[in-house]
Amino acid sequence: MSTSRIPGPAYLEDRSPGTGALPPRAWYPESDATRLGLGGRWRFRLSPTADAHDEAFARPGHDTSDWAELTVPGHWVLQGDGAFGAPAYTNVAYPFPVDPPRVPDENPTGDHVRTFDLPPDWPDGGSAVLRFEGVESCARVWLNGHELGTFKGSRLPHEFPVGALLRPTGNTLAVRVHQWSSGSYLEDQDQWWLPGIFREVALLHRPEGAAGDFSVHASYDHRSGLGTLRVDSEVPGRVTVPELGLDLATGESAVVPVEAWNAELPRLYAAQLATAGERVPLRIGFRTVAVEDGLLKVNGRRILFRGVNRHEFHPATGRTLDLATMREDVLLMKRHNINAVRTSHYPPHPAFLDLCDELGLWVIDECDLETHGFHLTDWRGNPADDDRWTPALLDRAARTVERDKNHPSVVLWSLGNESGTGRGLTAMASWIRERDPSRPLHYEGDPSCRDTDVYSLMYADHAEVDRIGRRADGGPEHRARLPFLLCEYAHAMGNGPGGLAEYQRLFETHERCQGGFVWEWIDHGLDHPRFGHAYGGDFGEELHDGAFVCDGLLLPDRTPSPGLTEYAKVIEPVRIAPGDGPDSVRITNLHDFADLSGFLFTCTHEADGAGPFTRTLDVPPLGPGGSVEVELPPVPRPATGEAWWTVRASLAGPVPWAPSGHTVAWGQLPAGATDPTDSAGSAGSAGRPALPRARGLAPRVRDGLVVLGPAAFEAGTGRLIRLGGVPVSGPRLDVWRAPTDNDRGAPWTPADQLARRWSELGLHRMRHRTDGVEPTADTLEVRTRVAPAGSALALRAVLRWSADAELLRLDVTVEPEGDWELPLPRLGVRMGLPSAFGRARWFGGGPGEAYPDSRSAARIGLHRLNVDALGTRYVRPQENGARADVRWAQLDDGVTSVRIEGDPAFSFTARRWTSEQLAAARHRTDLTPGDTVWLNLDHAQHGLGSASCGPGVLPEHRLTAEPAAFAFVLSARTA
Ligand code: IPT
């Protein structure tokens, strides 16, 4: 006789969403009087399989004294110092064999037990529910030995009725959590797999006559200025809105003049729903969302999404986020001009949406659904197209919509992410349309758009967005009439993204293109004792997707990356640009709703070599779309050096998300220039002085050295070895950079894998041959040929040195040889200074990092930073830290300073390791400072693009190998 063994209990692998839970209902913050939070230390036992232990542990009094403990809410893999397994990261692939709905025998299972007493003032009577806000991926629950049921749907709430089971003291709550279940097939989001009870568990008292589910309908008619309020409630009651003088029965409508809610002016009215037994606090925002004339409109106006995709992430606690972290996210977004969030790819913690209501963000609320791994099987067996799974999909749709329906910030529902196409999605869409006709639907994965009200793409390049904007993209007729958004674009992995400003221009040009959501908000780098922050593979996963999990605008510790600073600049809601006349500025209000009355405008005059001064500017309180030209105060032109105006729009008073004085937008123009378009360019513009000639002295050859003015060179190689008293290791041509994630590109776009193609060419191992070191009457000419082994391609570089008593001038010319098909990573010179030269000052773009296609946020002015602060600590080390449009840079050791002036303006990088060391490092902790500060003085850099997942560098930001000439003047001065 043969026996067949199905491991684990059946509920794990059936397709149902679970058993025993109550129907979903609207969420609201419960008062402490009726809520007993069950967070804290729980008893915990981890088993390697689902059936390693029977259910005896769930009985009250079961001896758990030899169990471990862990904190709830939390993921067990992030606790216990490795004793509870480890996180694992995959992007698309399922980390187990694809055989839906079956799961592997190896199914880490965490038994959680906690006992609790009811508080002495726990209300009498009524009933109670036990609420789970989020458990990954499948739970079975017992209270006092009675099984309550099972559930799946990790980032969705589940409630169980428990009233009759409660005792005043000694209640035992037992929860068995399995890492893998049929639900895992629906949760293949690109993120760490993190099992556990990761959101709160609470006991909620439900008094006799408590409110059940309720729906707040609060629309706004922009023509009349009237709001219409109706609250439908399962349990009848009254709704009061004191500020509006409203007191109406549930189910009844009231029409009153109101101030509308929008993300810029998030006007909320405090209200209350009172049923016989309960008073529910409401915060009502009146607004109407509609797709009209092919545009997505709120309150009658086209809106523009300046958005981000937000996963819930904290480097120490994974997807367990406290309220302070959620608030920090919203504040950081608002302070960086972000006005929209897509909750990729599941409903966030419910309190996050309260913050969005309160502080003002448009939200695309996405259902917890992704079946991306079926892409690897040509979508065969995709649960989104299999009727047997539809109940599970509908359950997820309902739990999302019912929980979040009363948030004014939620303006679109999204069916999920990357789940192919199919009947299940259509069923979800029909259910949502029926349940909530007030919000349009989003889903990106179906090009037919049959179930959606907006056309959405991810990572479309600029040309395609332009075609869509011109409605020249063809496609099905229904789709051609829809507004367009990029639910993901500008992949913020590592250094980048490039090309944001060009996207924004398209969004502002074509009304159909209503903006997008940068991928993504934060790097998911987990705290790690050895690596600093860990990414895929760092926990020994057998299948993983490496650093692809670190692709955010924030570093894991929530430090804004240069990409976020760039984004904030590009999406400014006030445009400040040079005006038509000299010394005048054009100010345009790009808000969709707000006027400029909340802003204070100032202009600051800053000259290279003179102290800055600031004046306020009179700007009328323009309405949305309004524009005005304003003259700047007259100032004498500085005698020397260049001068710039910086005009700022700052908050005139404090707002809930930023203090008074916070700068929202700024713009620059050269002061006293006759041609306002003449800005960065070459010396002479904007009053920029020409580079000193530094000529006249003759080179002298002595003891194997060539001495020229303040400099000494090795006679044989022509390499500079000393400048004034400072030992330097001579500048030589440098064309390579430690590849960025975007240089590496994506596996599915081999042509954009520049890093691989650069290394196949050998750009990381260029050989330098000296073809001549020739002193002339007043120059030293060093001719070199720089080329990789195995190739006939080369760059001929001539370094022509001249000097006066103090200044050393270097004129470089570069001539490519052969047929260069690839762009160069960079083109410039690299030199080394002693490590004590750790303080930098420069006049040019700053204060932050900037590259050719990500330099909108670089403000021309005087900046200073220590060398150690110049770099960006990307989780996986790569090229970083360049400063753009630098006129001069100076490094000093406290006594002596080395100054470099350039013509044209140059890109400047200083760090304590070489590009080669940077490229070899896998984690930041691999980088240790050496005895040299390495400077890269670049004539040009190749752009960044966002080819790690999306388009590469735009043609105008490509660094083509072609003849080039540039010059620097170097000097060393001792105080
Ligand atoms: C897209 C996913 O939707 C998102 O979750 C994330 O994985 C992103 O890419 C890349 O970081 S899907 C991609 C294969 C286009």
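For the structure, see preceding data.
Just so it is clear, the structure is predicted and the values come from calculations on it, not from any experiment.

J.: Explain the packing of helix α8 (residues 500-509) against helix α9 (residues 562-570) residue by residue, including any values.
T.: Running from amino to carboxyl end, α8 crosses α9 at an angle of 25°, the nearest separation of the two axes being 10 Å. The orientation of α8 with respect to α9, classified from their angle, is roughly parallel. When the axes of α8 and α9 are compared, the crossing they make is right-handed. Of the residues in α9, those touching α8 at Leu 500, Ala 501 and Gln 504 are Gly 563, Glu 566, Tyr 567 and Val 570.

J.: Can you lay out the pattern of salt bridges for me, pointing to particular residues and giving the numbers?
T.: Applying the stated criterion across every chain, the model contains 78 salt bridges. A salt bridge links Asp 771 to Arg 796; the shortest N-O distance between them is 3.0 Å. Taken together, the residues span a long stretch of sequence, with Asp 771 in strand β49 (residues 766-775) and Arg 796 in strand β51 (residues 794-803) at a distance of 25 residues. Given the relative accessible area of 28%, Asp 771 is considered partly exposed. By relative accessible area, Arg 796 is classed as partly exposed at 34%. For Arg 912, the salt bridge identified is with Asp 868, shortest N-O distance 2.8 Å. Note that Arg 912 is positioned in the loop between β57 (896-911) and α13 (915-920) and Asp 868 in helix α12 (residues 867-870), a separation of 44 residues in sequence. On the basis of relative accessibility, which here comes to 13%, the residue Arg 912 falls in the buried class.

J.: Would you mind going over the sheet that holds strand β44 (residues 705-708) in detail, with residue names and values included?
T.: With antiparallel pairing, five strands are arranged side by side in an open sheet as β43-β44-β45-β46-β47. Two strands in the sheet have a free side with no partner beyond their single neighbour: β43 (700-702) and β47 (726-727). Alignment of strand β45 (residues 711-714) against strand β46 (residues 720-723), held across three bridges, turns out to be antiparallel. Note that in β46 the partner of Ala 711 across the bridge is Leu 723.

J.: Go over the nonpolar core with me, naming the residues and quoting the values.
T.: Membership of the largest hydrophobic core comes to 160 residues, with the highest contact counts inside it found for Leu 130, Leu 173, Leu 203, Phe 305, Trp 362, Ile 587 and Phe 601. For Trp 362, the residues in contact, after removing those within four places along its chain, are Trp 261, Asn 262, Ala 263, Val 298, Ile 303, Phe 305, Asn 339, Ala 340, Val 341, Ser 409, Val 411 and Phe 593. Core analysis: the next-biggest nonpolar cluster, separate from the first, contains 60 residues, Leu 733, Leu 754, Trp 842 and Ala 940 among them.

Definitions and cut-offs
Residues numbered from 1 in each chain as written. Predicted model: local features only at pLDDT ≥ 70, side-chain atom pairs only at ≥ 80, totals over all residues. Heavy atoms only, no water. Axes fitted to C-alpha atoms, helices over the stretch in contact; angles between N-to-C directions. Helix = DSSP H or I, 4+ residues; strand = E, 2+ residues; numbered from the N terminus. Parallel < 35°, antiparallel > 145°, perpendicular 65-115°, else oblique. Left-handed = near helix turned anticlockwise from the far one by under 90°. Contact = heavy atoms within 4.5 Å. Salt bridge = Lys/Arg side-chain N within 4 Å of Asp/Glu carboxyl O. Buried < 20%, exposed > 50% of the residue type's maximum accessible area, 1.4 Å probe, protein only. Pairing = 2+ DSSP bridges. Core = buried A, V, L, I, M, F, W, Y, C linked by side-chain atoms within 4.5 Å.

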